[in-house]
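Here are the chains, one letter per residue:
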Amino acid sequence: MSTIERAEVFVASPGRTFVTLRITTSDGVTGLGDATLNGRELAVASYLRDHLVPLLVGRDPARVEDIWQYLYRGAYWRRGPVTMTAISAVDTALWDIKGKTAGLPVYQLLGGRSRDGVLAYSHASGTDVPELLDDVQRFLDLGYRAVRAQAAVPDVGGTYGVRKGRVYEPAATALPDEQPWDTQAYLNFAPGYLAAVRERFGFGFHLLHDVHHRLTPLEAAQFGKRVEDCRLFWMEDPTPAENQEAFRLIRQHTTTPVAVGENLTSIWDVQHLITEQLVDYVRTTVAHAGGLTHLRRIFDLAALYQVRTGSHGATDLSPISLAANVHLDLAVPNFGIQEYMGHAEETTEVFHGGVTFADGMLHPAEEPGLGVAYDEKAAERFPYQARYLPVARRLDGSVHDW
Ligand code: CS2
Ligand code: MG
C-alpha cells in the first residue's frame, strides 16, 4: 500500500503571495493543494506545517474522505477560514494524487463531463464610466460572454474592484490600507453606470456586479430594485452573509439574482441561504470550503434547491484551486458560472499548466490529476512578501465592511 511520505508547504510571492502544499507518496506520486488565504497566508502555512503535516505522514493517500473527516472532526475546533483552507489544500492534493494514480483527469472521478466547457466571467473596471465601458468592450472582444462591471465612485477612494495594472489585486500594501467609504455616494452612482453598460452593449451578454458586502439588507433591497432593468446575472455579496436571515428582506423586495459565498467556508455557513432559496448562486470554492470533497457536498445541496454554482476565482486563488474548481464545474449538474481573473506573469512562471480559456469558456487539462505543476526552483525567485487587504472606514471614521 502506498503511504504519504512527505508533505511540504511552500510560501512564495510570484505576482502575489501563494501558499502551496505538495504531498508526495511512497510511490513517488505528488499532489498539489492551494492553501492561500489572502492577507492571512502564514496562519494557514503554520496550521499545515505545525499541526497537519505530522498527522498525514504514513497515512494511505487513497483514503480521501477518511482523511477529510479525521482532520475536520479531529481538530475539535471546527470550521473557519484558516482551518478549512488547510483542510482544502490537503483534500485537493489527495484528489490530484488519486487522479494521477488512476491515470484520469480529476473531472472523470467526479462523474465525467456534463458540459462542453465552463462558462467564465472576468472583471471590467474603470476609474470613470468611459474607462469602464472601454474595458467591457475589451473583454467582449476577448470572447467573454459574461463580464463583471465595477467603476470608481467619484470622491470615494475605497470603491471596491477598480483595477490598477493588468490584474485586479486588492492586497497591495505591507499594512492594511485604510480607505474611505460612502454608501450614499455608491447608491447614487452605481446603478447609473450599470445602466450605461446595458445602454452601450445591450443584453447579449451576462452582466455581473459585486457589491462586496457594503450594504445593509434594506440598502441591498433598494439597490437590487434599482438595477432590475439592467437584468444583472447577479449582484454579489450585497450584504455581509454571517446573518443568513438578512437575505429574506432582500428577497422580499427585488428579483435581481443574488450570489454569496466566496468568503464562506462550510456547508453550514450557506445552509439556510440555500435551503430557503435566499440566493441564486453559491460562490464557495475548492480553495476555502473544504476542497473538492466538501465543495461537492455544498453543490449537491444547492442542486436540491435550484441554486447554481458561481465559484470565486480571483487572483488570490492559485492556478491549482482554480483548476480543481473547473474540474468540478465541468461535472456538476447545477453549474452556473466560474469567475476567472487570470494571474500575473510571475505567477505563471511558478505554476505551470491548469485551465485554458477559449470562446468564453474554461477547460481543465486532460492529463491525469488536476493538470498543474509547481516549480519550487522558480518560486525561490519570489520570496514571501506580507500583503494585506484594505480596511474600509466610513466618512465618520468608523470601520465598515471592505
Ligand atoms: C472579489 C475578490 O473576486 C471577487 O469577487 O470579491 O476580489 C475578493 O475581494 C478577494 O478575492 C479577497 O481576497
Ligand atoms: Mg466578490
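Residues numbered from 1 in each chain as written. Chains lettered and ligands numbered in written order. Predicted model: local features only at pLDDT ≥ 70, side-chain atom pairs only at ≥ 80, totals over all residues. Heavy atoms only, no water.

**Q** I'm lost on the coordination of the magnesium ion (ligand 2) in this one. Help?
**A** Tetrahedral coordination by four donors puts the ideal angle at the metal at 109.5 degrees, and octahedral coordination by six puts it at 90 or 180 degrees. Taken together, the protein donors to the magnesium ion (ligand 2) comprise Asp210 (OD), Glu236 (OE) and Glu262 (OE), at separations of 1.9 to 2.2 Å. Every donor residue of the magnesium ion (ligand 2) comes from the same chain, spaced as D-x25-E-x25-E. With Asp210 in strand 7 (residues 206-210) and Glu262 in the loop between strand 9 (258-260) and helix 9 (267-275), this residue pair connects regions lying 52 residues apart in the sequence. Its relative accessible area of 2% is what places Asp210 among the buried residues. Judged by relative accessible area, Glu262 falls into the buried class, the value being 13%. (Donors = N, O, S within 2.8 Å, 3.2 Å for Na, K, Ca; no water. Helix = DSSP H or I, 4+ residues; strand = E, 2+ residues; numbered from the N terminus. Buried < 20%, exposed > 50% of the residue type's maximum accessible area, 1.4 Å probe, protein only.)

**Q** Just to check I follow, could you spell out the packing of helix 6 (residues 183-201) against helix 7 (residues 217-226) for this structure?
**A** Helices that pack against each other are described as a pair by the angle of their axes relative to one another and the distance between those axes. Contact geometry of helix 6 with helix 7 gives a least axis separation of 10 Å together with a crossing angle of 20 degrees. Between helix 6 and helix 7, the angle falls in the class roughly parallel. Regarding helix 6 and helix 7, the two cross each other, and that crossing is right-handed. Contacts from Thr183, Tyr186, Leu187, Asn188, Ala190, Pro191 and Leu194 in helix 6 reach Glu219, Phe223 and Arg226 in helix 7. Broken down by class, the residue content of the contact of helix 6 with helix 7 amounts to 6 nonpolar, 2 polar and 2 charged. (Axes fitted to C-alpha atoms, helices over the stretch in contact; angles between N-to-C directions. Parallel < 35°, antiparallel > 145°, perpendicular 65-115°, else oblique. Left-handed = near helix turned anticlockwise from the far one by under 90°. Contact = heavy atoms within 4.5 Å. Nonpolar A, V, L, I, M, F, W, Y, C, P; charged D, E, K, R; others polar.)

**Q** What is the right way to look at the UniProt feature "domain: Mandelate racemase/muconate lactonizing enzyme C-terminal" (unreviewed entry) in the protein in this model?
**A** Here the UniProt-annotated "domain: Mandelate racemase/muconate lactonizing enzyme C-terminal" (unreviewed entry) positions come out as residues 129-257. Along residues 129-257, the helical share is 39% and the strand share 14%, with 23 Å between the first and last C-alpha atoms. (UniProt positions renumbered as here; feature names shortened; annotations may be inferred.)

**Q** I tried to follow unusual backbone geometry on my own but got confused; where do I start?
**A** Trans is the common state for peptide bonds, and a negative phi is the common state for residues other than glycine. Even without being a glycine, Arg231 presents a positive backbone phi close to 45 degrees. Mapping Arg231 onto the fold places it in the loop between helix 7 and strand 8 (234-236). The class for Arg231 is exposed, based on a relative accessible area of 54%.

**Q** I'm lost on the site of ligand 1 in this one. Help?
**A** Looking at ligand 1, there are 16 residues lining it, with Tyr160, His212, Glu262, Asp316 and Glu339 nearest. Between ligand 1 and His312 there is a distance of 2.9 Å, counted from an oxygen atom to a side-chain nitrogen or oxygen. In the complex, the protein chains occlude 95% of the 340 Å² of accessible area that ligand 1 would expose alone. Its residues assigned to classes, the shell around ligand 1 comprises 5 nonpolar, 4 polar and 7 charged. (Near = heavy atom within 4 Å. Polar contact = N/O pair within 3.5 Å; in protein donor to acceptor, adjacent residues only side chain to side chain. Areas by Shrake-Rupley, 256 points an atom, 1.4 Å probe, with all protein chains shown as cover.)

**Q** Can you walk me through the packing of helix 2 (residues 64-73) against helix 10 (residues 291-304) in this structure?
**A** For the pair helix 2 and helix 10, interaxial distance at closest approach is 9 Å and the crossing angle is 90 degrees. As the angle between them shows, helix 2 and helix 10 are arranged roughly perpendicular. Judged by residue contacts, Val64, Glu65, Trp68 and Gln69 of helix 2 engage Thr293, His294 and Arg297 from helix 10. Tallied by class, residues from the contact of helix 2 with helix 10 come to 2 nonpolar, 3 polar and 2 charged.

**Q** Could you clarify how one ought to interpret the sheet that holds strand 3 (residues 30-34) in this entry?
**A** Backbone hydrogen bonds hold the strands of a sheet together, and the pairing may be parallel or antiparallel. The strand order across the open sheet formed by 3 strands is 1-2-3, and the pairing between neighbours is antiparallel. If you trace the sheet from one side to the other, it starts and ends with strand 1 (4-12) and strand 3, each paired once. Taking the axes of each pair of neighbouring strands and ignoring which way they run, one obtains an average angle of 20 degrees across the sheet. Pairing of strand 2 (residues 18-25) with strand 3 involves 5 bridges; the strand directions are antiparallel. Counterpart to Ile23 in the pairing with strand 3 is Gly31. (Pairing = 2+ DSSP bridges.)

**Q** Can you help me understand the pattern of salt bridges in this one?
**A** Between side chains of opposite charge, pairing is possible as soon as their charged atoms come close. Enumeration over the complete set of coordinates arrives at 22 salt bridges. Residue Glu376 pairs with Arg22 through a salt bridge whose shortest N-O separation is 2.6 Å. Of this pair, Glu376 sits in helix 13 (residues 376-379) while Arg22 sits in strand 2, and the two are 354 residues apart along the sequence. With a relative accessible area of 29%, Glu376 lands in the partly exposed category. Here Arg283 ties to Glu339 by a salt bridge, and the two come within 2.6 Å at their closest N and O atoms. Here the residue Arg283 occupies a position in the loop between strand 10 (281-282) and helix 10, and Glu339 occupies one in strand 12 (residues 338-339), the gap between them amounting to 56 residues. When its relative accessible area of 2% is taken as the criterion, Glu339 is described as buried. In the salt-bridge network here, residues are joined through shared partners; they are Glu5, Arg6, Glu8, Arg22 and Glu376. (Salt bridge = Lys/Arg side-chain N within 4 Å of Asp/Glu carboxyl O.)

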